[in-house]
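# Coordinate inspection notes
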Amino acid sequence: MTVVVFFLLLFTAVPIALVLALTAMWYIQASGNTVLFASYPQQLFSAIESYGLLAIPLFMLAGELMNEGGLTRRLIALARIFVGGFRGGLAYINLVANMMMAAIIGSAASQIAIMSRAMVPAMQQEGYPRPYSAAITAAGGLLSPIIPPSMLFVLFGVMAQVPIAEMFLAGVLPGLVLGFTFFIVIAVVGLVQQYPKGEWPSRRQALHDFLWGLPALLIPVIIIGGILWGVATPTESAALASLVALLIGRFVYRDLKLTLLPEVLRRTAINAGLVIMLIAAAGVFGWVVIYEQLPQMAASWIAALTTDPFIFLLLMIGVLLLVGMVIDGIAALILVVPILLPIAQNQFDISAYQFGVVVCLTLVMGLLTPPVGAGLYVASSMTGVPPMRIFRSLLPFLLATLVTLILLAWQPWLTEGLIGR
């Protein structure tokens, strides 16, 4: 009956945070073990009682400040220097700029919204179909959960009790592999559709864009470098990145107006509040899941199907693709980690790093797949293109992502190599 209540609330458009909290309350009442209500508030707050979670609103703030301060525009100009002259040059620029932004924003939905405003009109002016332009921009959002920093990695690190800095390292090689497969897709589509060749900027323009792009590149250097060199924790790096984005946008590029700061802080507070509320509610739900011994039951069922770690990961990818289609990535991550991580580690000896990267990337694919597909609707609202037209243009990129996931499941060194495991 608890499962029925969960899906009834989910498919009647109740916010997912309330779905999780109310389902947990229903279970406690239905089980007759009402003494658990005394622990309910404690579980609610203990789920968010983690220093690492502070990185989430700070990364959101850094992304907002970059967009308002003109740093995004300079990164796009910088990307033009390296790939702007190839056939389908603006498509490559879009992808490279997305890779740069993924190293700063850490949120797929935010990245899709920001880059849609910046890139789709420019691509349309140069003759690219609007659905294809929106699809490339949306596909770039798939890079944000694995190229560090990543809000999903922060959350997974807290839940799995692994160092967030090492989770960031685990995502570097997979992010480069995924970016490379996207380059191949763009090249093939560009040749088939005969998209226009881009123009290389003049030497003078290239030098100008390069020099003006360097301050914007300080942000990913501060975030990733601070973590790798042990100078700062991910949370401290996010705070430093926000401060530097503010200073560069205000005093170097002079695009950031102080009158905009209240609105920037308001948007950040609302978005971060939604995420933190979701984490708190999911913490209670996860507590109920563990109390019901669902991980143990799932482990016995999966053990009857296979003993091969690779086959287990493939099965998990298939299941999580379906889960991601109907449940938000953060909520789904909080739901599946308590159930599947113990199985992966104890039954199949899969490292938390490989598991985390595969799970996060698989769930974020759900952002771009119907019927929920929040990322599709973000791209659609930003560009005016119907979601299903974007989805059809996205199919080659989703296929490339699926190939990357199979490779990550097959070769653990891609996620563990940089952290020496």
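For the structure itself, consult the block above.
Report follows, based on the coordinates.

What counts as what
- Residues numbered from 1 in each chain as written.
- Predicted model: local features only at pLDDT ≥ 70, side-chain atom pairs only at ≥ 80, totals over all residues.
- Heavy atoms only, no water.
- Helix = DSSP H or I, 4+ residues; strand = E, 2+ residues; numbered from the N terminus.
- Buried < 20%, exposed > 50% of the residue type's maximum accessible area, 1.4 Å probe, protein only.
- Areas by Shrake-Rupley, 256 points an atom, 1.4 Å probe, with all protein chains shown as cover.
- Bend = angle between axes of the 7 residues up to and from the residue.
- Contact = heavy atoms within 4.5 Å.
- Expected span 1.5 Å × (residues − 1).
- Patch = residues over 30% accessible without salt bridge, like charges linked within 9 Å, V, L, I, M, F, W, Y side chains within 5 Å.
- Salt bridge = Lys/Arg side-chain N within 4 Å of Asp/Glu carboxyl O.
- Polar contact = N/O pair within 3.5 Å; in protein donor to acceptor, adjacent residues only side chain to side chain.
- Core = buried A, V, L, I, M, F, W, Y, C linked by side-chain atoms within 4.5 Å.
- Phe/Tyr/Trp six-rings, centres within 6.5 Å; stacked < 30°, edge-to-face > 60°.
- Lys NZ or Arg CZ within 6 Å of the ring centre and 35° of its normal.

### Some words on the overall build of the chain
Secondary structure summary: the chain contains 21 helices and 0 strands in total. By the burial criterion, 54% of the 421 residues in the chain qualify as buried. For the chain, the exposed area adds up to about 18000 Å²; of that, 68% sits on carbon and sulfur atoms.

### A few points about helix 12 (residues 203–228)
At leucine 214, helix 12 shows its maximal bend, which comes to roughly 40°, and the proline proline 215 appears one to four places after that position. Within the sequence span of helix 12, burial applies to Ala206, Asp209, Gly213, Pro215, Ala216, Ile219, Pro220, Ile223, Gly225, Gly226 and Ile227. For helix 12, the elements touching its buried residues are helix 4 (55–68), helix 5 (71–83), helix 10 (164–170) and helix 13 (234–252). The first or second residue beyond helix 12 is glycine 230, which carries a positive phi of 75°.

### Concerning helix 18 (residues 352–365)
What sets the pattern is the α-helix's 3.6 residues per turn: residues three or four places apart point alike. Taking 1.5 Å as the rise per residue, helix 18 with 14 residues should run 20 Å; its terminal C-alpha atoms sit 20 Å apart, in good agreement. Of all 14 residues in helix 18, 14 are buried; the element is thus mostly enclosed.

### Some words on the environment of leucine 240
Of note, leucine 240 is situated in helix 13. Leucine 240 gets classed as partly exposed once you look at its relative accessible area, which sits at 40%.

### Structural notes on unusual backbone geometry
Notably, glutamine 161 is not glycine yet its phi reads approximately 60°, a positive angle. Along the chain, glutamine 161 falls in the loop between helix 9 (151–160) and helix 10. You will see that aspartate 349, though not glycine, has its phi angle at about 55°, which is positive. Inspection of the secondary structure puts aspartate 349 in the loop between helix 17 (329–348) and helix 18. Relative accessible area serves as the criterion here: at 71%, aspartate 349 is assigned to the exposed category.

### Structural notes on a nonpolar patch on the surface
A contiguous nonpolar surface patch, about 790 Å² in accessible area, is contributed by Trp301, Leu305, Ile311, Leu314, Leu315, Leu399, Leu402, Val403 and Ile406. For the nonpolar patch, the secondary structure elements donating two or more residues are helix 16 (309–326) and helix 20 (387–410). With respect to the helices and strands, tryptophan 301 occurs in helix 15 (residues 294–303). For tryptophan 301, a relative accessible area of 57% gives the class exposed.

### Some remarks on the side chain of threonine 268
Relative to the assigned elements, threonine 268 resides in helix 14 (residues 261–291). Its relative accessible area of 7% is what places threonine 268 among the buried residues. Only 2.9 Å separates the side chain of threonine 268 from the backbone oxygen of valine 264, close enough to count as a polar contact. Excluding its chain neighbours within four sequence positions, the residues that come into contact with threonine 268 are Pro57, Met60, Leu61 and Glu64.

### Quick look at the nonpolar core
Grouped together as the largest cluster of nonpolar side chains are 145 residues, with contacts concentrated most on Phe355 and Leu394. Leucine 394 has contacts with Ala135, Ala138, Ala139, Leu368 and Leu376, leaving out every residue within four places of it along the chain.

### Quick notes on the packing of aromatic side chains
Counted by the stated rule, this structure contains 5 aromatic pairs. Judged by centre distance (5.4 Å) and plane angle (85°), the ring pair of phenylalanine 182 and phenylalanine 397 falls under edge-to-face. With a gap of 215 residues between them, phenylalanine 182 in helix 11 (residues 172–193) and phenylalanine 397 in helix 20 connect regions that are remote in the sequence. Of the two residues examined, phenylalanine 182 and phenylalanine 397, each falls in the buried class. On the basis of an interplanar angle of 35° and a centroid distance of 5.7 Å, the ring pair of tryptophan 212 and tyrosine 253 is categorised as tilted. Of this pair, tryptophan 212 sits in helix 12 while tyrosine 253 sits in the loop between helix 13 and helix 14, and the two are 41 residues apart along the sequence. We classify tryptophan 212 as partly exposed; its relative accessible area is 36%. When its relative accessible area of 5% is taken as the criterion, tyrosine 253 is described as buried. Directly above the ring of tyrosine 253 sits arginine 74, whose terminal nitrogen or CZ lies 4.1 Å from the centroid.

### Observations regarding the pattern of salt bridges
A complete count under the given rule lists 4 salt bridges for this structure. When the shortest N-O distance is used, the salt bridge between glutamate 68 and arginine 267 registers 3.1 Å. Of this pair, glutamate 68 sits in helix 4 while arginine 267 sits in helix 14, placing them 199 residues apart in sequence. By relative accessible area, glutamate 68 is classed as partly exposed at 25%. In this structure, aspartate 255 and arginine 74 form a salt bridge, with 2.7 Å as the shortest nitrogen-oxygen distance. In this pair, aspartate 255 sits in the loop between helix 13 and helix 14 while arginine 74 sits in helix 5, placing the two residues 181 residues apart along the sequence.

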